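# Summary of structural features
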Amino acid sequence: MTPSRSIPNVTDERLCWLIVREELQKKTSKLRFLGWVTVLFSGRTRGARLGGDLRREHASDKMSDYAVAVDAAAQTLSADERKHLRTAGEVPDWFLADVERRYREFRKQR
């Protein structure tokens with residue numbers, strides 16, 4: 001989100017999610033080795049549709065876990081960081097690294 005856009009009237013946690021969601025979406029939608037194998041060898045068969053459905057479901061699960069991590073990280077923002085979030089529409093430099101750390105911890109517990 002760029003500073004020239006208006007900042008939506010939502011909670012700080014939701015605003016953080018809106019700011020980082022696209023970047024996290026890119027991470028979850030990348031095809032890994034097995035995803036490419038499924039794509040290459042399934043062709044236009046029912047298996048390809050099933051493989052696509054499984055990949056989308058897995059990506060959706062990952063995004064749900066990222067949402068929990070973003071919410072937890074956003075709750076640790078200081079008052080100055082929250083002010084910057086609201087005025088500039090930017091998360092602090094440390095934010096994404098903290099989200100990744102929380103995401104990995106959450107996935108280990110599942």
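Rules used in this analysis
- Residues numbered from 1 in each chain as written.
- Predicted model: local features only at pLDDT ≥ 70, side-chain atom pairs only at ≥ 80, totals over all residues.
- Heavy atoms only, no water.
- Helix = DSSP H or I, 4+ residues; strand = E, 2+ residues; numbered from the N terminus.
- Expected span 1.5 Å × (residues − 1).
- Buried < 20%, exposed > 50% of the residue type's maximum accessible area, 1.4 Å probe, protein only.
- Core = buried A, V, L, I, M, F, W, Y, C linked by side-chain atoms within 4.5 Å.
- Contact = heavy atoms within 4.5 Å.
- Phe/Tyr/Trp six-rings, centres within 6.5 Å; stacked < 30°, edge-to-face > 60°.
- Axes fitted to C-alpha atoms, helices over the stretch in contact; angles between N-to-C directions.
- Left-handed = near helix turned anticlockwise from the far one by under 90°.
- Nonpolar A, V, L, I, M, F, W, Y, C, P; charged D, E, K, R; others polar.
- Parallel < 35°, antiparallel > 145°, perpendicular 65-115°, else oblique.

Another point: helix α5 (residues 95-109). Over its 15 residues, α5 runs 21 Å from end to end, which matches the ideal 21 Å to within 8%, given 1.5 Å per residue. Taken residue by residue, α5 has Phe95, Asp98, Val99, Glu100 and Tyr103 as its buried positions.

Quick look at the nonpolar core now. Cys16, Leu24, Val70, Phe95 and Val99 are the most contacted members of the largest nonpolar core, which totals 18 residues. When residues of this core are traced back to their parent elements, those giving at least two are α1 (12-29), α3 (46-74) and α5. Every residue in contact with cysteine 16, bar those within four places of it in the chain, is listed here: Val70, Ala74, Leu77, Leu85, Val91 and Phe95.

All right, on to the packing of aromatic side chains then. For the structure on display, the rule yields two aromatic pairs. Ring geometry for tyrosine 66 against tyrosine 103: centres 3.9 Å apart, planes inclined by 5°, an arrangement best described as stacked. Here tyrosine 103 lies in helix α5 and tyrosine 66 lies in helix α3, a separation of 37 residues in the sequence. A ring pair is formed by tryptophan 94 and phenylalanine 95, whose centres lie 5.8 Å apart and whose planes are at 55°; its orientation type is tilted. Using a relative accessible area of 0% as the deciding quantity, one classes phenylalanine 95 as buried.

Taken N-terminus to C-terminus, the directions of α1 and α5 make an angle of 65°; their axes are 12 Å apart at the nearest point. You can see that α1 and α5 cross each other, and the crossing is right-handed. Taken together, the residues of α5 that come into contact with α1 (itself represented by Cys16, Val20, Glu23, Leu24 and Lys27) are Phe95, Leu96, Val99 and Glu100. Among the residues forming the contact of α1 with α5, the class breakdown is six nonpolar, no polar and three charged.

Looking at the secondary structure, you find glutamate 100 in helix α5. Given the relative accessible area of 16%, glutamate 100 is considered buried.

This brings us to the packing of α1 against helix α4 (residues 79-88). A pair of packed helices is characterised by two quantities: the angle between their axes and the separation of those axes. Between α1 and α4, the shortest axis-to-axis distance is 11 Å and the interhelical angle comes to 55°. Between α1 and α4, the angle falls in the class oblique. Relative to α4, the crossing made by α1 is left-handed. Touching Asp12, Glu13, Leu15, Cys16 and Ile19 of α1 are Arg82, Leu85 and Arg86, all from α4. Classifying every residue of the contact of α1 with α4 by side-chain character gives four nonpolar, no polar and four charged.

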